[in-house]
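Residues per chain are reported as follows:
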Amino acid sequence: MTPLQIRPPEAAAEHNKERSFLQRAGLTTFATGMFLFLVAATGVSKGRPLLFLLLSVGLTCTGALVYFLALAKEAPPGIKNNHIFSNAVTYRGWNAWILGVFLTLFYIALYWFPKWIENWVRITDPLSLLITGKPADRWFMYGAFYTVAVLVMGARMILVKYRHNRYQIIRTLSVMFFQLGFAFLIPNLLHSLNQPDFYFSYFWPLKYDYLFPKTAHSLLSHPGGLGFFMLFWGAAMTFIGTPIFTYFFGKRWYCSWVCGCGGLAETLGDPYRHLSDKSLKAWNIERWLIHSVLVTITIVTALLWINSLYEGAIFGKFSGAAAKAYGFYIGAIFSGVIGVGFYPLMGARVWCRFGCPMAAILGIIQKFFSRFRITTNGGQCISCGNCSTYCEQGIDVRWYAQRGQNIIRASCVGCGICAAVCPRGVLKLENAPSETRYNFDKID
């Protein structure tokens, strides 16, 4: 592994001059595709959606893949984060701010001003007609672009950055598989068959409305047994599957292998994992905030069910208003606008770390009951700090490694990057009897 290198901005400029012809060709193709994507927003793509879909999204993906293949061909295997602290895109420079503003505005338009992005919706009509037989809406467009982002940046992780690391390759293939199959194709195919567009990889409380009485009644009233199965699946995975899987494998089985939010953070957000706040203040905010969100959605769900059982006699319209408020402030603003829009400024796990109620439940189980832990060989640690620097959850991994203590933190998503960037093989992800998880006797 190449050691962490911190260079001044002029060094990054010199690095850009070192790019090969193939790399420059890939970047030029990528930039052309992105330019046409922005041009499509003006409406010039009307009447030619397939042409603009191929030229914009097609060229963007092709350019990115050509660039990744050039990197893989021209550089030896190994995790390289060279220039990451001197590149304005990856270290809060002006273009990182532009990207952050663009992503934030996109989510604002998606939730509240869909007319702003209507022309982008229309260029996905050909793909929607192919899969669902119907014209696209904004959520199909969002799902399509989201999936493309996971697949293309997932290819970067497999072909280039982590190509020598089997754990990272398999984990990345897993999030690509669940995003493409369970979070995009299956819901849209169900929609084409006039069935509920159910997401089999999302469970309560992350997908908070799946256990709301209104959703349960809608699924149970659906003709055939599929609606009943969907409700059964959601409840079984929430109350049975999640605790069992987390006991055996820790939080990582979901946050780093299945979840779509985690999938985007691990692929598109990989260049920003070093931006996570490692301070004690951030940790305290994290603990209070994420558990507050969990308590809030639990209370809201309970109020809805109580009100439903008593036919609105107890809370009237209050429970419904509380659910709408949760959906607005947490479901839209926190998880979407802030969760993804702030990738280039605060790292890729802002939502997972500070707000996701599913992550809060998994974290509680992981900390007190799970067999999962990251073991450390303190005698080999050279205190380089790579593990802490690239922990997207803001955990000071080095602190544990220096003391030879096992790492069992509620916030750890088990991505394994800390172990991958360690030059001495100090860290190891393991499952073993839960009674042996803590080894406080290793404290110096």
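Residues numbered from 1 in each chain as written. Predicted model: local features only at pLDDT ≥ 70, side-chain atom pairs only at ≥ 80, totals over all residues. Heavy atoms only, no water.

Draft legend 1. Highlighting the packing of helix α4 (residues 94-112) against helix α7 (residues 138-161). The geometry of α4 relative to α7 is characterised by a closest axis approach of 10 Å and an angle of 150° between their N-to-C directions. One finds that α4 runs roughly antiparallel with respect to α7. The way α4 lies across α7 gives a crossing that is left-handed. Taking contact as the criterion, the partners of Phe 106, Tyr 107, Leu 110 and Tyr 111 in α4 are, on α7, Arg 138, Trp 139, Met 141, Tyr 142 and Tyr 146. (Axes fitted to C-alpha atoms, helices over the stretch in contact; angles between N-to-C directions. Helix = DSSP H or I, 4+ residues; strand = E, 2+ residues; numbered from the N terminus. Parallel < 35°, antiparallel > 145°, perpendicular 65-115°, else oblique. Left-handed = near helix turned anticlockwise from the far one by under 90°. Contact = heavy atoms within 4.5 Å.)

Draft legend 2. Layout of helix α3 (residues 49-74). Between its first and last C-alpha atoms α3 spans 37 Å; for 26 residues at 1.5 Å apiece the expected length is 38 Å, and the two agree. Bending of α3 peaks at approximately 30° at the position of Gly 58. Each element contacted by the buried residues of α3 is listed here: α2 (21-40), α5 (118-123), α6 (125-131) and α7. (Expected span 1.5 Å × (residues − 1). Bend = angle between axes of the 7 residues up to and from the residue.)

Draft legend 3. The arrangement of the side chain of Thr 375 in detail. Mapped onto the elements, Thr 375 comes out in strand β1 (residues 372-376). At 2.6 Å, the side chain of Thr 375 and the side chain of Glu 430 are in polar contact. Beyond its immediate sequence surroundings of up to four residues, Thr 375 is in contact with Asn 406, Val 426, Leu 427, Lys 428 and Glu 430. (Polar contact = N/O pair within 3.5 Å; in protein donor to acceptor, adjacent residues only side chain to side chain.)

Draft legend 4. Molecular detail of the side chain of Thr 267. As for its position among the elements, Thr 267 is in helix α12 (residues 260-267). Beyond its immediate chain neighbours, meaning those up to four positions away, Thr 267 contacts Ala 149, Val 150, Met 153, Gly 154, Arg 156, Met 157, Thr 172 and Val 175.

Draft legend 5. A look at the pattern of salt bridges. Taken as a whole and assessed by the stated rule, the structure comprises 11 salt bridges. A salt bridge links Glu 266 to Arg 273, with the shortest nitrogen-to-oxygen separation between them at 3.0 Å. We note that Glu 266, like Arg 273, is buried. Between Arg 273 and Asp 270 there is a salt bridge whose closest N-O contact spans 2.9 Å. A single burial state applies to Arg 273 and to Asp 270, both of which are buried. One continuous salt-bridge network, built from bridges that share partners, spans Arg 156, Lys 161, Arg 171, Glu 266, Asp 270, Arg 273, Arg 349 and Glu 392. (Salt bridge = Lys/Arg side-chain N within 4 Å of Asp/Glu carboxyl O. Buried < 20%, exposed > 50% of the residue type's maximum accessible area, 1.4 Å probe, protein only.)

Draft legend 6. Seen up close, the pairing of β1. Along β1, 5 of the 5 residues are buried, which leaves the element largely enclosed by surrounding structure. Side chains Phe 372, Ile 374 and Thr 376 of β1 all project onto a buried face; the interleaved residues Arg 373 and Thr 375 project onto the opposite face, where all are buried too. With 5 bridges connecting them, β1 and strand β2 (residues 427-431) associate as antiparallel partners. The partner of Thr 376 across the bridge, within β2, is Leu 427. (Pairing = 2+ DSSP bridges.)

Draft legend 7. Looking closely at the environment of Lys 251. Tracing the backbone through its elements, the reader meets Lys 251 in the loop between α10 (226-249) and α11 (252-255). Judged by its relative accessible area of 2%, Lys 251 falls in the buried class. For Lys 251 and Ile 361, which are 110 residues apart along the polypeptide, the C-alpha to C-alpha distance reads 9.2 Å. Those residues in contact with Lys 251 that sit more than four places away from it in its chain are Thr 246, Ala 359, Leu 362, Gly 363, Gln 366, Ala 410, Ser 411, Cys 412 and Val 413.

Draft legend 8. Molecular detail of empty space enclosed by the protein. Tallied over the entire structure, the rule returns 5 cavities of 30 Å³ or more. When its volume is computed, the largest cavity comes out at roughly 120 Å³. In terms of lining residues, the largest cavity is bounded by 15 residues, among which Ile 374, Cys 391, Cys 412, Cys 415 and Cys 418 are the most central. Partitioned by chemical class, the residues of the lining of the largest cavity number 11 nonpolar, 3 polar and 1 charged. Of the volumes computed, that of the second largest cavity is approximately 80 Å³. Considering the residues around the second largest cavity, the lining is formed by 13 residues, among which Cys 381, Cys 384, Cys 387, Cys 422 and Val 426 are closest to the centre. Of the residues contributing to the lining of the second largest cavity, the split by class is 9 nonpolar, 2 polar and 2 charged. (1 Å grid on protein atoms, 1.4 Å probe; cavity = no way out; pocket = protein on both sides within 12 Å on 5 of 7 lines; lining within 4 Å. Points joined across faces, edges and corners; volume = space filled by probe spheres on them. Nonpolar A, V, L, I, M, F, W, Y, C, P; charged D, E, K, R; others polar.)

Any link to function would need more than the numbers given here.
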